[in-house]
Amino acid sequence: WDTLSKEGPTIKVSFNTAEGLQPDQSQLKFKDIVFGTVKRIELSPDHKRFIVTIATTRQAEPLLTKKTVFWVVKPRLFAGSISGLETLLSGSYVGMLPGPKPGELQREFVGREDPPILDEHTPGRIFYLKAQRLGSISLGSPIFFRDLSVGEVLGWDIADMAKYVTIHAFVRAPYSDYVHDNSLFWNAS
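Residues numbered from 1 in each chain as written. Predicted model: local features only at pLDDT ≥ 70, side-chain atom pairs only at ≥ 80, totals over all residues. Heavy atoms only, no water.

A. Expanded view of unusual backbone geometry. The residue after Ala173, namely Pro174, is reached through a cis peptide bond having omega 5°. Assignment of secondary structure puts Pro174 in the segment after strand 13 (164-172). Of note in the backbone geometry, His47 takes a positive phi value of approximately 65° without being a glycine. Its place among the elements puts His47 in the loop between strand 3 (33-43) and strand 4 (50-57). The exposure class assigned to His47 is exposed, which follows from its relative accessible area of 58%. Here Arg146, not a glycine, exhibits a phi torsion of approximately 55°, which is positive. Mapped onto the elements, Arg146 comes out in the loop between strand 11 (142-145) and strand 12 (148-159). (Helix = DSSP H or I, 4+ residues; strand = E, 2+ residues; numbered from the N terminus. Buried < 20%, exposed > 50% of the residue type's maximum accessible area, 1.4 Å probe, protein only.)

Shown next, in the form of structure tokens:
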């Protein structure tokens, strides 16, 4: 009874690659808390993706909504910083980031290739910056104010028939209060 009462739903997450994941060893984690174990890895019917079946714990059930994001945590150089070094000893695992508030429950997901740059619960604001060119700016590039890292680049769009680039810049609170219509941003690389 104890074992059954701790079991949660079984979910399926599809990834482009399941590199480093091992059935019955790799775990599902959120904030370093284990919320499940990978049970099976299969090739999708079209042979393009991998379907990872995960047995979750009872605690995970309310977190499994349409807005929940999954990715494979492994050592990587992303956005100018190294992450996932702890997996060198423990092995790769599936990372999970629940949506900002409770929502519609779901059991099948499409996993991301890269970890989310920003936790959805981080207070701050997104600013849209218009530039002639992107230059050396990449996903996760830091935004500095007086040599303090106060935000990150979340992405960009090519707008107005490719005449300019719109950069999506997130600035964390309380620094977002210092940004006004006449604030200047520039590429400091």
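Still more ground to cover, so stick around.
B. Local environment of the side chain of Glu152. Here Glu152 is to be found in strand 12. By relative accessible area, which is 15% here, Glu152 ends up buried. A polar atom in the side chain of Glu152 sits 2.7 Å from the side chain of Arg172. (Polar contact = N/O pair within 3.5 Å; in protein donor to acceptor, adjacent residues only side chain to side chain.)

C. Inspection of the environment of Val69 at higher detail. Assignment of secondary structure puts Val69 in strand 5 (residues 69-73). Relative accessible area serves as the criterion here: at 15%, Val69 is assigned to the buried category. It is 8.7 Å that separates the C-alpha atoms of Val69 and Pro115, two residues lying 46 residues apart in sequence. Ignoring anything within four residues of it in the chain, the contact list for Val69 reads Gly95, Met96, Leu97, Arg112 and Pro116. (Contact = heavy atoms within 4.5 Å.)

D. Structural context of the packing of aromatic side chains. One pass over the full model with this rule turns up three aromatic pairs. For the ring pair Phe30 and Phe35, a centre distance of 6.4 Å and an interplane angle of 45° mean the geometry is tilted. Residues Phe30 and Phe35 agree in their burial class; the two are buried. Relative to Tyr178, the ring of Phe145 has its centre 5.8 Å away and its plane inclined at 20°; by these criteria the two rings are stacked. (Phe/Tyr/Trp six-rings, centres within 6.5 Å; stacked < 30°, edge-to-face > 60°.)

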